Amino acid sequence: MVEQEQQNASDQTSEARRRRTGIAAFVVGLVATLAFFAFFPGLPHVIDWGAILVSIAVGGFARWFCRSRMTRTARQQDRA
């Protein structure tokens, strides 16, 4: 019974860590893409709706990639 409670607490902490990391990855992807569109030489230096939508998509991809990577490494560590 105690082992099950410890495993549930461990699952909750790892899920909270994955959530925080996913949020951070989303924000980093969003800001990096907006910065690219704002400061890259040769672009019209205007943040329009297309740049915002692409930034949101890149942020979502970064979040997905980060969470999938963390899940994969957690599974590999459980097997070992």
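Look a little higher up for the structure.
Numbering of residues starts from 1 in each chain and follows the order in which that chain's sequence is written. Residues qualify for local features only when their pLDDT is at least 70, as the model is predicted, and side-chain atom pairs are given and counted only at 80 or more; totals for whole chains, interfaces and linings, by contrast, use all residues. Excluding hydrogens and water, the side-chain values take into account all heavy atoms of the structure.

Novice: Residue-level account of the overall build of the protein chain, with values.
Specialist: A tally of helices and strands in the protein chain yields 2 helices and 0 strands. The buried share among the 80 residues of the protein chain stands at 12%. Should any heavy atoms of two residues lie within 4.5 Å, those residues are counted as being in contact. Long-range contacts, defined as pairs at least 24 residues apart, comprise 64% of the intrachain contacts of the protein chain with a sequence gap of at least 6. Accessible surface is estimated by sampling points in the Shrake-Rupley manner with a 1.4 Å probe; for residues, cover comes only from the protein chains shown. When the accessible surface of the protein chain is split by element, carbon and sulfur atoms take 63% of a total near 6400 Å². Comment: elements are numbered from the N terminus, with helices defined as DSSP H or I runs of at least four residues and strands as E runs of at least two. Exposure is judged per residue with a 1.4 Å probe applied to protein chains only, and the accessible area is read against the type maximum: over 50% gives exposed, under 20% gives buried, and values in between give partly exposed.

Novice: I'd like to hear about the packing of aromatic side chains, residue by residue, with values.
Specialist: A pair of Phe, Tyr and Trp rings is counted when the ring centres sit within 6.5 Å of each other, with Trp represented by its six-membered ring. The angle between the planes then sorts it: under 30 degrees is stacked, over 60 is edge-to-face, the rest tilted. In the structure shown here, the tally under the stated rule is 3 aromatic pairs. Both rings, one in Phe-61 and one in Trp-64, keep their centres 5.7 Å apart while their planes meet at 35°; by these two values the pair is tilted. Remark: Trp-64 and Phe-61 occur in helix α2 (residues 49-79); sequence separation between them is 3 residues, near one turn of the helix. The exposure classification of Phe-61 matches that of Trp-64, with both residues exposed. A ring pair is formed by Phe-61 and Phe-65, whose centres lie 6.4 Å apart and whose planes are at 25°; its orientation type is stacked. Within this pair, Phe-61 and its partner Phe-65 are both found in helix α2, separated by 4 residues, close to a single helical turn. Among the residues examined, Phe-61 registers a relative accessible area of 53% and is labelled exposed.

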